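Chains, contacts and geometry: an overview
Here is how the chains run, residue by residue.
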Amino acid sequence: MAYIQGFLLAVPAENKAAYRQMAEDSWAIFQRHGCLAMRECWGVDTPEGKETSFPMAVKRKDGEVVVFAWLEWPDRATCDRAAEAMQTEPMMQDMPEMPFDGMRMMWGGFEELVRRGGA
């Protein structure tokens, strides 16, 4: 089964176009290094919680939107090789500054447990 890298972050609403462009530009790099699929999802229903919530997890500020994203890799080894290669990837070095606060971004790697439907 595939290996999934998941991401959760907060993006200022006015930076939506810049974030979309960064994601679009990143896809070519990820794909070249073996990524099978990428999803970047702009939050439209991320309610505040009392104990936990997406907004609390990213310390969302006024005017920010929660983004939930993931990359699908064939396996962890491919993902790890890509991460290493991207440290010196020229296109990554030329990317503009991130349109969000990277200190509040979280990510992790996950092995699929169940997969049904989808492409």
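A few points on the structure. Quick caveat: nothing in here was measured; it's all calculated off a predicted structure.

This part is about the overall build of the protein chain. Counting its regular elements, the protein chain contains four helices and four strands. Starting at the N terminus and ending at the C terminus, the protein chain contains elements arranged as β-α-β-α-β-α-α-β. Computed over the C-alpha atoms, the radius of gyration of the protein chain is 15 Å, within 12% of the 14 Å expected from 2.2 N^0.38 for a compact globule of 119 residues. Across its three principal directions, the C-alpha atoms of the protein chain cover 40 × 35 × 25 Å. Looking at the protein chain residue by residue over its 119 residues, the buried ones come to 34%.

Pairing is antiparallel in the open sheet, where four strands are placed in the order β2-β3-β1-β4. Looking at strand neighbours, the two that pair on one side only are β2 (37-42) and β4 (106-111), the edges of this open sheet. Averaged over neighbouring strand pairs, the angle between their axes works out to 15 degrees when direction is ignored. Where strand β1 (residues 3-12) and strand β3 (residues 64-73) come together, ten bridges link them in antiparallel fashion. Note on β3: the bridge partner recorded for Gln5 is Leu71. Running over the sheet, helix α1 (residues 16-32) touches β1, β2 and β3 and is turned about 170 degrees from β2. In the packing of helix α3 (residues 76-86) onto the sheet, the strands contacted are β1 and β3, and the crossing angle to β3 comes to about 115 degrees.

Taken as a whole and assessed by the stated rule, the structure comprises six salt bridges. One salt bridge connects Arg60 with Glu48, and the closest N-O pair in it is separated by 2.8 Å. With a gap of twelve residues between them, Arg60 in the loop between α2 (54-57) and β3 and Glu48 in the loop between β2 and α2 connect regions that are remote in the sequence. Measuring nitrogen to oxygen at the nearest pair gives 3.0 Å for the salt bridge that ties Arg115 to Glu112. Judged by relative accessible area, Arg115 falls into the partly exposed class, the value being 30%. Salt bridges sharing partners connect three or more residues here, namely Glu64, Asp101 and Arg104.

Before going further, it helps to examine the layout of surface pockets. Each pocket or cavity is described by its volume, and for the second largest pocket that value is around 220 Å³. Forming the walls of the second largest pocket are Lys16, Tyr19, Arg20, Ala23, Glu24, Met38, Glu40, Cys41, Trp42 and Val67. Every element with two or more residues in the lining of the second largest pocket is listed here: α1 and β2. When residues of the lining of the second largest pocket are assigned to their parent elements, the largest contribution, five residues, is made by α1. Here the lining of the second largest pocket is built from residues that sort into six nonpolar, no polar and four charged.

Cut-offs and rules
- Residues numbered from 1 in each chain as written.
- Predicted model: local features only at pLDDT ≥ 70, side-chain atom pairs only at ≥ 80, totals over all residues.
- Heavy atoms only, no water.
- Helix = DSSP H or I, 4+ residues; strand = E, 2+ residues; numbered from the N terminus.
- Rg over C-alpha atoms; globule rule 2.2 N^0.38 Å.
- Buried < 20%, exposed > 50% of the residue type's maximum accessible area, 1.4 Å probe, protein only.
- Pairing = 2+ DSSP bridges.
- Axes fitted to C-alpha atoms, helices over the stretch in contact; angles between N-to-C directions.
- Contact = heavy atoms within 4.5 Å.
- Salt bridge = Lys/Arg side-chain N within 4 Å of Asp/Glu carboxyl O.
- 1 Å grid on protein atoms, 1.4 Å probe; cavity = no way out; pocket = protein on both sides within 12 Å on 5 of 7 lines; lining within 4 Å.
- Points joined across faces, edges and corners; volume = space filled by probe spheres on them.
- Nonpolar A, V, L, I, M, F, W, Y, C, P; charged D, E, K, R; others polar.

Worth remembering: the numbers are spatial, not functional.
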